[in-house]
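The chain contents come next:
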Amino acid sequence: MSDSMIRELVAEMTGGEIFAVWFLIGAALVFWMQAGFAMVEAGFTRAKNTGNIIMKNLMDFCIGTVVFILIGFGLLLGEDLAGLIGKPGFDLFTAYEGFDYSAFVFNLVFCATTATIVSGAMAERTKFLSYCIYSAVISALIYPIEAHWIWGGGWLSKIGFHDFAGSCAIHMVGGISALLGAAIEGSRAGKFKTDASGKIIGVNAFPGHNVAIGALGVFILWLGWYGFNGAAATSVKQLGSIFLTTTVSPAVATVVCMILTWVKYGKPDVSMCLNASLAGLVAITAGCDVTDAAGSLAIGAVSGCLVVFGVWLLDNKLHVDDPVGAVAVHCLNGIWGTLAVGFFATDKAPGYSIADSAGSTMTGLFYGGGLKLMGVQLIGFAAVAAWTALTIIAVFLIIRKLVGLRVSREDELAGLDITEHGLPSAYAGFAMLPDAIVDDAAPAVIASAAPAVEVVTAVKAVPVADTAAIRQAPAAETGAAHKFTKVQILCKEARLEALKNAMTALGITGMTVSHVMGCGQQKGKPEYYRGVPVEATLLPKIQVDIVVSKVPVRSVIETAKKVLYTGHIGDGKIFVYDVENVVKVRTGEEGYDALQDVE
């Protein structure tokens, strides 16, 4: 027997076992996507809600597991009842020795994905209890029933509807739920600018607190997507084709989004491009097994456009607050991916199996198949969308009536970490920037981890010392025989060393250096975050305080200007103040003598 024959025999004998193992590895990759969703949502939102977001992404899987055991799995894969639902049962407990363990785990991790999509769009203002309730309903009823229609032998599978890995069954369902939930719940405090009548006249940008964590989440999701799309492959050739389309579509979508945001906003938008990678993955999911390279390229290109359009549409037309872009990514591209099968399905793809109820092969419009497959895909989209919309609206309205959907304004401003979980900060040991509250109420800055919120005016918040008596005191009383001047310099931290060296060369060896936060209204071209102009925000600066008497003030100013100048916004500012007196604590020297070791 030749080597090739031996290899073929071994492959034939072990092929089934290998793909059974790969099926479970794929399920593990899909579970790992929970970490990706958690990182994306946490990174794209504010630091004061990070613990709440981690808790939600943990619990939607854990709660989902419980309800999937009790009812979800039976509704999805139980004995088909009239093509509408599976027959609920408890074979997991009563017939464990013959139970399909792999199918249970695989479908469980997919189920959890649907619920976690909703979390991002409703982030930063949803009650944790309410989230647990609607997450459980999605995993127990909404997802399993429509997934049965598609994958459990239900009526859509019988007419040839194709959704290989879940553009429709998972992402569109999660995206529609996210859109309706965010709309019913309302926007975060200060997200939209309103006039005196309450009419929305603008949008405020709320930049995510950690783009690096968000990017890590996207890479985790992209890795997990190879299991998401590829786990159900039945041959190495089909698996290779799925991996190819799953790579091409998100890559093209990201490039297209980068170009669009670069042209539209003057610079390529980082967070939007990260969204575009996910959008390309969502869109290719339905047809990853039946499209070729050209088809996946076209699907990805449209996805990149849809992300930019979707974010703009929600912010500027629908006025729906979606902090992480879940609707643009999952809803719009879930719909697009479902319909794209009707355009780009080709029977040249390995393992092609789309057929109507009579067994006749159907292909996409652009591959000579006419409109038949597109009609089937439209029916599936409409049916699943209607089921999702009706059920999730009922769920949200019932929750809002019984326990309330969103937290109070005070809790929202303080942050859900402290108010919902008693967690002062998800970043213990790190000093986090406060959030500037942009609202129609009196302006205030609320500490991210503050246990209580009190909005006060600057006059009440900042103690002011009356120095009139000191300023009016005679020079003899203060020991001042020379003129003393304080030069205060605000600059970028990167220029501190050069400034220090220049001041030393000038004869100044004593200075006070502080890390401060500040902002200024800059003229010129605005900066954008996800297509929304960014308001002035606090940025880190260095403050250098120097008191001089012998060294000419003008020399200090000119030297600092020369060292700090780059011609770019943010070079800094110099302030000059009169000083009444200087006292050296160690020796008791005052006035001119007290400065002699520092200038």
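Draft legend 1. Fine view of the overall build of the protein. From N to C terminus, the protein includes 20 helices and 12 strands. Here the protein holds 599 residues, and the buried ones make up 49% of them. The long-range share in the protein, meaning contacts at least 24 apart out of those at least 6 apart in sequence, stands at 77%. Of the roughly 27,300 Å² of accessible surface on the protein, 66% is carried by carbon and sulfur atoms.

Draft legend 2. Quick peek at helix α12 (residues 326-344). Its 19 residues give α12 an end-to-end C-alpha distance of 25 Å, which sits within 8% of 27 Å, the value for a rise of 1.5 Å per residue. Where α12 bends most, at N333, the angle is about 30 degrees.

Draft legend 3. Looking closely at the nonpolar core. Of all hydrophobic cores here, the largest spans 96 residues; its most connected members are F110, Y134, I150, W225, F228, I354 and V384. By residue number, the principal contributor to this core is helix α4 (residues 101-121), which donates 11 residues. If sequence neighbours within four positions are ignored, Y134 has contacts with V118, S119, M122, T126, V395, F396 and I399.

Draft legend 4. How the structure looks around the packing of helix α9 (residues 236-265) against helix α10 (residues 270-285). Packing of α9 against α10 brings their axes to within 7 Å, and their N-to-C directions diverge by 145 degrees. When the axes of α9 and α10 are compared, the crossing they make is right-handed. Counted together, T245, T246, S249, P250, A253, T254, C257, M258, T261 and Y265 of α9 and M272, C273, A276, S277, G280, L281 and I284 of α10 form the full contact between these two elements. Considered class by class, the residues forming the contact of α9 with α10 number 10 nonpolar, 7 polar and no charged.

Draft legend 5. Broad picture of the sheet that holds strand β12 (residues 573-579). One open sheet accounts for 4 strands, arranged β8-β11-β7-β12; its pairing is antiparallel. Sheet topology places β8 (512-518) and β12 at the edges, where each strand pairs with a single neighbour. With strand direction ignored, the average angle separating the axes of adjacent strands in the sheet is 25 degrees. Strand direction decides the pairing type here: β8 and strand β11 (residues 539-548), joined by 7 bridges, are antiparallel.

Draft legend 6. Structural view of a nonpolar patch on the surface. Residues V66, L70, I71, F90, F93 and L141 make up a contiguous nonpolar surface patch of roughly 560 Å² in combined accessible area. Per element, the largest residue contribution to the nonpolar patch is 3 residues, and it comes from helix α2 (residues 50-77). Within the secondary structure, I71 is located in helix α2.

Draft legend 7. Layout of the packing of aromatic side chains. Enumeration over the complete set of coordinates arrives at 25 aromatic pairs. Ring geometry for W225 against F228: centres 5.4 Å apart, planes inclined by 45 degrees, an arrangement best described as tilted. Here W225 and its partner F228 are both found in helix α8 (residues 211-230), 3 residues apart, which amounts to about one turn of the helix. The same class applies to W225 as to F228, namely buried. Ring centres of F344 and F366 lie 5.3 Å apart, and the angle between their planes is 65 degrees; this geometry places the pair in the edge-to-face category. Of this pair, F344 sits in helix α12 while F366 sits in the loop between α12 and α13 (372-402); the two residues are 22 residues apart in sequence, bridging distant segments of the chain. For F344, a relative accessible area of 10% gives the class buried.

Draft legend 8. Looking closely at the confidence of the model for the protein. Considering every residue of the protein, the mean pLDDT works out to 87; 86% of them sit at 70 or more. Ranking the elements of the protein by mean pLDDT puts strand β6 (residues 444-446) last, at 34, and α12 first, at 98.

Draft legend 9. Expanded view of the side chain of H148. The residue H148 is located in helix α5 (residues 128-151) in this model. The class of H148 is buried, set by a relative accessible area of 0%. Once you skip the residues sitting within four places of it in the chain, H148 turns out to touch L75, L76, G78, D80, G83, L84, I85, G86, G153 and G154.

Draft legend 10. Quick peek at α5. A bend of about 45 degrees at I138 is the largest found in α5. Where burial is concerned, most of α5 is hidden: 19 out of the 24 residues are buried. Within two residues after α5, G153 carries a phi angle of roughly 90 degrees, on the positive side.

Parameters at a glance
- Residues numbered from 1 in each chain as written.
- Predicted model: local features only at pLDDT ≥ 70, side-chain atom pairs only at ≥ 80, totals over all residues.
- Heavy atoms only, no water.
- Helix = DSSP H or I, 4+ residues; strand = E, 2+ residues; numbered from the N terminus.
- Buried < 20%, exposed > 50% of the residue type's maximum accessible area, 1.4 Å probe, protein only.
- Contact = heavy atoms within 4.5 Å.
- Areas by Shrake-Rupley, 256 points an atom, 1.4 Å probe, with all protein chains shown as cover.
- Expected span 1.5 Å × (residues − 1).
- Bend = angle between axes of the 7 residues up to and from the residue.
- Core = buried A, V, L, I, M, F, W, Y, C linked by side-chain atoms within 4.5 Å.
- Axes fitted to C-alpha atoms, helices over the stretch in contact; angles between N-to-C directions.
- Left-handed = near helix turned anticlockwise from the far one by under 90°.
- Nonpolar A, V, L, I, M, F, W, Y, C, P; charged D, E, K, R; others polar.
- Pairing = 2+ DSSP bridges.
- Patch = residues over 30% accessible without salt bridge, like charges linked within 9 Å, V, L, I, M, F, W, Y side chains within 5 Å.
- Salt bridge = Lys/Arg side-chain N within 4 Å of Asp/Glu carboxyl O.
- Phe/Tyr/Trp six-rings, centres within 6.5 Å; stacked < 30°, edge-to-face > 60°.
- pLDDT = per-residue confidence, 0-100.

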